[in-house]
2 protein chains.
Amino acid sequence: VLETGIKIFPPPEALALTHNKIVMREKLAEIDIPQPRWTVVSKDGLDENAVSTVGGFPCVAKSPVGGYDGKGVRVIGGFDEIQDWLSVGEVLLEEKVDFVRELAQLGARRPSGQWSAWPVVETRQVGGVCSEVLAPAPEVTDAVRKRAEEIAEKIAREIRVVGVLAVELFETKEGGVIVNELAMRPHNSGHVFTELSVTSQFEQHLRAVLDIPLGATELRAETGVMVNVFGGVDHHLVKIAAEEFPAAKIHSYQKSPRAGRKAGHIVLTGANPEALIEEGLAVRSVLDRADYDR
Amino acid sequence: VLETGIKIFPPPEALALTHNKIVMREKLAEIDIPQPRWTVVSKDGLDENAVSTVGGFPCVAKSPVGGYDGKGVRVIGGFDEIQDWLSVGEVLLEEKVDFVRELAQLGARRPSGQWSAWPVVETRQVGGVCSEVLAPAPEVTDAVRKRAEEIAEKIAREIRVVGVLAVELFETKEGGVIVNELAMRPHNSGHVFTELSVTSQFEQHLRAVLDIPLGATELRAETGVMVNVFGGVDHHLVKIAAEEFPAAKIHSYQKSPRAGRKAGHIVLTGANPEALIEEGLAVRSVLDRADYDR
């Protein structure tokens with residue numbers, strides 16, 4: 001609550017964690033959340049030995065502020081690869097986790113503390129950017145599903161998140177989960193719930209921020225997939241895709257086209273996640289047709 | 001297509017039918033669509049014998065233009081009950097159909113002719129106004145389901161509807177269906193499809209008018225119900241209802257309150273239509289609480 005009496009959700013103290021990755025690592029360590037080994041280096045404090053705390057090179061270097069969609073993240077084999085960042089300030093080093101796959105756990109929290117989660121999803125990345133989402137994560141164990149939700153709930157509670165929280169996770173070979181990144185807002189990995197769940201992440205975010213009781217997160221279908229569309233969404237190609245795939249929900253963000261930009265996404269729901277992914281990729285390949293005569 | 005080159009959908013010739021109920025009856029007769037027996041009377045042409053063509057009194061009198069939500073419709077026992085309408089112009093008389101229940105068949109048609117229908121729904125009226133919708137219509141026979149869709153498709157094709165068409169039907173004791181009313185727009189009886197179907201009636205209407213291939217009309221759940229909310233929707237009561245019924249989707253039209261006005265609706269999806277209706281009525285009874293201290 002500001003002096004003006006205006007409430008801001010999520011609270012600025014909570015949001016600060018997603019604005020600086022070093023602050024986030026410190027806070028997650030403080031509340032005992034499993035995460036990759038990490039350390040902080042600066043121009044004046046370069047220590048090859050410090051790197052051993054993150055398992056040595058190669059490791060992951062992160063610019064603490066302003067990263068997005070893989071930007072500000074590098075896998076490095078030496079400090080010479082981050083001279084540009086070090087000239088500006090501190091750099092976060094993280095263990096290069098040998099994960100099985102990436103997951104995301106989404107949920108929402110009201111100011112009063114009410115928490116509600118969706119089932120954990122699998123996210124598939126290409127070049128550090130989320131390309132596809134499968135919901136729920138196929139063949140996830142009960143232990144992983146339960147642990148993912150516990151972690152997200154604990155973070156939301158300890159940090160007093162209000163609104164949607166997305167926790168990006170690595171699933172390890174040992175069947176554990178550790179936290180990669182956090183986002184305190186409706187998130188790319190949650191778009192699938194617009195069609196798949198009784199309550200979408202956008203509705204839930206508004207309910208949470210307005211302190212309205214949270215909506216049910218049951219799924220309306222067995223499974224769903226989300227496939228990102230990059231570059232741009234051409235409406236002539238949307239018509240062609242809609243002809244061939246009447247069950248596909250094609251969302252366009254109406255952004256001006258730019259290579260690699262998330263310009264829209266496709267959602268399909270049904271019974272078989274791999275079949276749905278195949279169909280989603282087929283829809284995207286229609287939207288990606290470069291040879292279409294406009 | 002106007003002289004200015006602007007296309008208008010649905011075409012004005014099609015819309016004319018929903019603007020004048022006598023024109024509609026004439027057109028439906030011309031294209032051989034089953035409907036109640038009907039006749040037209042005017043101040044200067046009152047003929048008690050003519051009433052026998054609609055089965056005698058009591059019959060249904062309709063003001064040809066401007067009816068809505070049961071307004072402009074009266075069950076009459078004599079001409080003296082419609083003197084006010086007769087002083088203005090012609091009045092449509094219809095047989096008082098002894099129906100089993102009311103149904104509605106919705107579908108959409110593109111300018112190119114593509115047609116897509118949702119499953120026929122049951123509509124329950126209170127005082128001539130739709131109160132609840134069950135989708136699909138419970139225990140409907142294959143013959144009725146098929147006939148309802150055939151009728152709607154034929155009307156759409158013959159009249160060259162573009163966009164959503166809603167056909168209100170009476171289901172007769174003999175297992176037939178006859179047309180009560182038409183609407184060429186997203187309709188109250190189709191709100192349930194926003195949550196229940198892969199494609200909502202609003203999305204389908206836009207696809208049709210913009211000549212985009214129509215979306216799939218498969219259902220995401222076994223069944224769904226829609227319960228209208230009358231008068232007004234108070235947001236404090238919405239919060240109370242949301243607490244008790246997290247799976248209910250409560251839509252408010254943000255209209256100023258007025259007795260009897262359709263102010264919003266509730267949708268629930270699941271497996272058992274009667275259980276869902278019971279839950280929907282319980283949600284409405286929370287929203288209707290007059291004793292709540294605002």
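The structure reproduced in this document is the subject of the present report. Owing to the predicted nature of the structure, the values given are computational and were not obtained by experimental measurement.

Here we look at the overall build of chain A
Item 1. When helices and strands are counted, chain A shows 8 helices and 13 strands.
Item 2. Taking 19 Å as the expected radius of gyration for a compact globule of 294 residues, we find that chain A reaches 20 Å, a close match to that expectation.
Item 3. Overall, chain A is about 60 × 50 × 45 Å in size when its C-alpha atoms are taken along their principal axes.
Item 4. Within chain A, the fraction of its 294 residues that count as buried is 50%.
Item 5. Here chain A has roughly 13500 Å² of accessible surface; of this, 50% comes from carbon and sulfur atoms.
Item 6. Of the charged side chains in chain A, 33 are positive and 43 negative, and the gap between their average positions amounts to 4 Å.

Details of the packing of aromatic side chains
All names here are of chain A.
Item 1. Taken as a whole and judged by the stated rule, the model has 6 aromatic pairs over all chains.
Item 2. A centroid spacing of 5.4 Å and a plane angle of 80 degrees characterise the contact between Phe57 and Phe79, whose relative ring orientation is edge-to-face. Of this pair, Phe57 sits in the loop between strand E1 (38–41) and strand E2 (59–62) while Phe79 sits in the loop between strand E3 (73–76) and helix H3 (83–86), placing them 22 residues apart in sequence.
Item 3. What makes Phe79 buried here is its relative accessible area of 7%.

Remarks on the packing of helix H7 (residues 235–244) of chain A against helix H8 (residues 273–287) of chain A
How two helices sit against one another is set out by the angle between their axes and by the gap between those axes.
Residues and elements named next belong to chain A.
Item 1. As a packed pair, H7 and H8 sit with axes 8 Å apart at the nearest point and diverge in direction by 150 degrees. The crossing of H7 and H8 is right-handed. The residues of H8 that touch H7, namely those facing Leu237, Val238, Ile240, Ala241 and Glu244, are Val283, Val286 and Leu287.
Item 2. Looking at the contact of H7 with H8, its residues break down into 7 nonpolar, no polar and 1 charged.

Some thoughts on the sheet that holds strand E2 (residues 59–62) of chain B
Residue and element names in this part refer to chain B.
Item 1. Spatially, E1-E4-E2-E3 is the arrangement adopted by the 4 strands of the open sheet, whose pairing is antiparallel. In this open sheet, the two edge strands, each paired with only one partner strand, are strand E1 (38–41) and strand E3 (73–76). Taking each pair of neighbouring strands and ignoring which way they run, the sheet shows an average axis angle of 30 degrees.

Focus on the layout of surface pockets
Item 1. Each pocket or cavity is described by its volume, and for the largest pocket that value is around 1500 Å³.
Item 2. Mapped by element, the contributors of at least two residues to the lining of the largest pocket are helix H5 (193–196), helix H6 (201–209), H7 and strand E12 (249–252) of chain A together with helix H5 (193–196), helix H6 (201–209), helix H7 (235–244) and strand E12 (249–252) of chain B.
Item 3. Per-class residue counts for the lining of the largest pocket are 19 nonpolar, 16 polar and 13 charged.

Quick notes on unusual backbone geometry
Item 1. The omega angle of the peptide bond from A:Phe57 to A:Pro58 is -5 degrees, so this bond is cis rather than trans.
Item 2. Tracing the backbone shows A:Pro58 in the loop between E1 and E2.
Item 3. A cis amide bond links B:Ala135 to the next residue, B:Pro136, at an omega of -15 degrees.
Item 4. Relative to the helices and strands, B:Pro136 is located in the loop between strand E8 (129–135) and helix H4 (142–159).
Item 5. Residue A:Glu139 is not a glycine yet carries a positive backbone phi of 50 degrees.
Item 6. Relative to the helices and strands, A:Glu139 resides in the loop between strand E8 (129–135) and helix H4 (142–159).
Item 7. Judged by relative accessible area, A:Glu139 falls into the exposed class, the value being 80%.

Notes on the relation of the copies chain A and chain B
Item 1. Mapping chain A onto chain B is achieved by rotating through 180 degrees and translating by 0.0 Å along the same axis, at an RMSD of 0.0 Å. Look at the turn and shift together and you get a two-fold axis relating the two. The rotation axis passes nearest to the C-alpha of A:Arg220 in chain A, at a distance of 3.0 Å.
Item 2. Of the residues that chain A buries at the interface, 100% are likewise interface residues in chain B, meaning the two copies contact each other through the same surface.

Remarks on the sheet that holds strand E4 (residues 91–94) of chain A
Paired through their backbone hydrogen bonds, the strands of a sheet run either parallel or antiparallel.
Residue and element names in this part refer to chain A.
Item 1. Here we have 4 strands laid out as an open sheet, ordered E1-E4-E2-E3, and antiparallel in their pairing. With partners counted over all chains shown, the strands left at the sheet margins are E1 and E3, one partner each. Each strand axis lies, on average, 30 degrees off the axis of its neighbour in the sheet, ignoring direction.

Structural notes on the side chain of A:Glu94
Residue and element names in this part refer to chain A.
Item 1. Following the sequence through the fold, Glu94 ends up in strand E4.
Item 2. A polar contact of 2.8 Å, which involves the side chain of Glu94, links it to the side chain of Arg25.
Item 3. Discounting residues that sit within four places of it in the chain, Glu94 has contacts with Arg25, Pro36, Arg37, Trp38, Val54, Cys59, Val60 and Lys62.

A word on the interface of chain A and chain B
Item 1. Listed per partner, the contact involves 22 residues of chain A and 22 residues of chain B.
Item 2. Contact between chain A and chain B buries roughly 1700 Å² in total, counting both sides, with carbon and sulfur atoms accounting for 51%.
Item 3. Between the two partners, chain A and chain B, sit 2 salt bridges.
Item 4. A salt bridge links B:Glu203 to A:Lys249; its shortest N-O distance comes to 2.9 Å.
Item 5. On the surface where chain A and chain B come into contact, there are 12 residue pairs in polar contact (both at pLDDT 80 or more).
Item 6. Where the side of chain A that touches chain B is concerned, the elements lending two or more residues are H6 and H7 of chain A.

Digging into the side chain of A:Thr123
All names here are of chain A.
Item 1. The residue Thr123 is located in strand E7 (residues 121–126) in this model.
Item 2. Here the side chain of Thr123 touches Gln125 through a polar contact of 2.7 Å, side chain to side chain.
Item 3. Beyond its immediate sequence surroundings of up to four residues, Thr123 is in contact with Glu102, Leu103, Ala104, Cys130, Glu132, Val133 and Ser189.

Some words on the environment of A:Leu210
Residue and element names in this part refer to chain A.
Item 1. Structurally, Leu210 can be placed in the loop between H6 and strand E11 (223–230).
Item 2. Given the relative accessible area of 54%, Leu210 is considered exposed.
Item 3. Separated by 80 residues in the primary sequence, Leu210 and Cys130 have C-alpha atoms spaced 30 Å apart.

Brief notes about H6(A)
Item 1. Buried within H6(A) are the following residues: A:Gln201, A:Gln204, A:His205, A:Arg207 and A:Ala208. Summarising the axial view, the buried residues of H6(A) lie within an arc of 165 degrees, below the 170-degree limit, and thus occupy one face.
Item 2. In this structure, the buried residues of H6(A) make contact with strand E5 (99–109), strand E6 (115–117) and strand E9 (163–172) of chain A together with H7 and E12 of chain B.

Structural notes on the pattern of salt bridges
Item 1. Overall, the coordinates contain 38 salt bridges over all chains when judged by the stated rule.
Item 2. Here B:Arg101 makes a salt bridge to B:Glu171, at a shortest N to O gap of 2.6 Å. Of the two residues, B:Arg101 sits in strand E5 (residues 99–109) while B:Glu171 sits in strand E9 (residues 163–172), which places them 70 residues apart along the sequence.
Item 3. When salt bridges with common partners are traced through the structure, they connect A:Arg101, A:Glu122, A:Arg124, A:Glu171 and A:Glu274 into a single cluster.

Digging into the pairing of strand E13 (residues 262–270) of chain B
Residue and element names in this part refer to chain B.
Item 1. The buried fraction of E13 is high, at 7 of 9 residues.
Item 2. Sheet topology places strand E11 (residues 223–230) next to E13; 8 bridges connect them, and they run antiparallel. By the bridge assignment for E13, Asn228 is matched with His265.
Item 3. Summarising the sheet, E12 and E13 pair through 4 bridges and their orientation is antiparallel. Within E13, the residue paired with Lys249 across the bridge is Val267.

Calculation rules
- Residues numbered from 1 in each chain as written.
- Chains lettered and ligands numbered in written order.
- Predicted model: local features only at pLDDT ≥ 70, side-chain atom pairs only at ≥ 80, totals over all residues.
- Heavy atoms only, no water.
- Helix = DSSP H or I, 4+ residues; strand = E, 2+ residues; numbered from the N terminus.
- Rg over C-alpha atoms; globule rule 2.2 N^0.38 Å.
- Buried < 20%, exposed > 50% of the residue type's maximum accessible area, 1.4 Å probe, protein only.
- Areas by Shrake-Rupley, 256 points an atom, 1.4 Å probe, with all protein chains shown as cover.
- Lys, Arg positive; Asp, Glu negative; His and termini not counted.
- Charge placed at Lys NZ, Arg CZ, Asp CG, Glu CD.
- Phe/Tyr/Trp six-rings, centres within 6.5 Å; stacked < 30°, edge-to-face > 60°.
- Axes fitted to C-alpha atoms, helices over the stretch in contact; angles between N-to-C directions.
- Left-handed = near helix turned anticlockwise from the far one by under 90°.
- Contact = heavy atoms within 4.5 Å.
- Nonpolar A, V, L, I, M, F, W, Y, C, P; charged D, E, K, R; others polar.
- Pairing = 2+ DSSP bridges.
- 1 Å grid on protein atoms, 1.4 Å probe; cavity = no way out; pocket = protein on both sides within 12 Å on 5 of 7 lines; lining within 4 Å.
- Points joined across faces, edges and corners; volume = space filled by probe spheres on them.
- Least-squares fit on C-alpha atoms with pLDDT ≥ 70 in both.
- Polar contact = N/O pair within 3.5 Å; in protein donor to acceptor, adjacent residues only side chain to side chain.
- Buried area = accessible area lost by both parts, 1.4 Å probe.
- Salt bridge = Lys/Arg side-chain N within 4 Å of Asp/Glu carboxyl O.
- Arc of directions from axis to C-beta.

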